[in-house]
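Each chain is listed here by its residues.
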Amino acid sequence: VQLQASGGGLVQAGGSLRLSCAASGRTFSNYAMGWFRQAPGKEREFVASITRSGSTYYADSVKGRFTISRDNAKNTVYLQMNSLKPEDTAVYYCAADDRISRVFCSWNYWGRGTLVTVSS
């Protein structure tokens, strides 16, 4: 499956952004989807994931501020990010796999990242 993330940009602290990740090549509804992020000099970290049936999981650092959702008809997964903080600044990546995990190396399919910059 091929993944293409979009929607990143520059936003002030407290603002919102919505990331999108469009999938193609295979049956989107067969895959769990996830969002990870990587800040400069740091390891890639789990942000949120959603199962095939729609169950969602979040990192503690984004719980209550970010919402992951999927639209199987559009082959797209979204990450709505509200109340953004400077520490949310990172390259955000979407991922797909048969099984859900908080560990980035468990995911087989990755899109190119989209940069989110939150200014203070």
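Description of the structure in this document. (Residues numbered from 1 in each chain as written. Predicted model: local features only at pLDDT ≥ 70, side-chain atom pairs only at ≥ 80, totals over all residues. Heavy atoms only, no water.)

## Side note on the pattern of salt bridges
The line we're drawing: Here, a salt bridge means any Lys or Arg side-chain nitrogen found within 4 Å of an Asp or Glu carboxyl oxygen. The helix and strand labels rest on DSSP assignments: H or I over at least four residues marks a helix, E over at least two residues marks a strand, and numbering proceeds from the N terminus.
Throughout the structure, instances matching the rule amount to four salt bridges. A salt bridge links K63 to D60; the nearest nitrogen and oxygen atoms lie 3.3 Å apart. Among the ionic pairs, D88 bridges to R65, the shortest N-O distance being 2.7 Å. Taken together, the residues span a long stretch of sequence, with D88 in the loop between β8 (76-81) and β9 (90-97) and R65 in the loop between β6 (56-58) and β7 (66-71) at a distance of 23 residues. Salt bridges here are not isolated pairs; linked through shared partners, they connect R37, E45, R65 and D88.

## Comments concerning the state of the cysteines
For clarity, the cut-off: Disulfide: a pair of cysteine sulfur atoms within 2.5 Å of each other. Categorising residues by exposure relies on relative accessible area from a 1.4 Å probe, with only protein chains included: less than 20% of the type maximum marks a residue as buried, more than 50% marks it as exposed, and the intermediate range marks it as partly exposed.
Taken as a whole and judged by the stated rule, the model has one disulfide. One disulfide bridge connects C21 with C94, the sulfur atoms lying 2.0 Å from each other. The S-S bond linking C21 to C94 shows a torsion near 60°; that makes this disulfide right-handed. Of this pair, C21 sits in strand β3 (residues 17-24) while C94 is found in strand β9, placing the two residues 73 residues apart along the sequence. Of the residues examined, C94 reaches a relative accessible area of 0% and is grouped as buried. We note that C105 lacks a disulfide partner, and the nearest cysteine sulfur, in C94, lies 17 Å from it.

## As for the nonpolar core
Note on soluble globular proteins: their nonpolar side chains tend to be buried together. Where we set the bar: Here, nonpolar core means buried Ala, Val, Leu, Ile, Met, Phe, Trp, Tyr and Cys residues that are tied together by side-chain atoms lying within 4.5 Å of each other. Two residues qualify as a contact provided that any one of their heavy atoms is within 4.5 Å of a heavy atom in the partner residue.
Core analysis: the biggest nonpolar cluster contains 36 residues, and M33, W35, L79, M81 and Y92 have the highest contact counts within it. Mapped onto this core, the elements with two or more residues apiece are β1 (2-6), β3, β4 (32-38), β5 (45-50), β7, β8, β9 and β11 (114-119). In terms of residue count, the dominant contributor to this core is β9 (five residues). Once residues lying within four places of it in the same chain are set aside, the contact partners of M81 are G15, S16, L17, L19, R65, F66, Y92 and V116.

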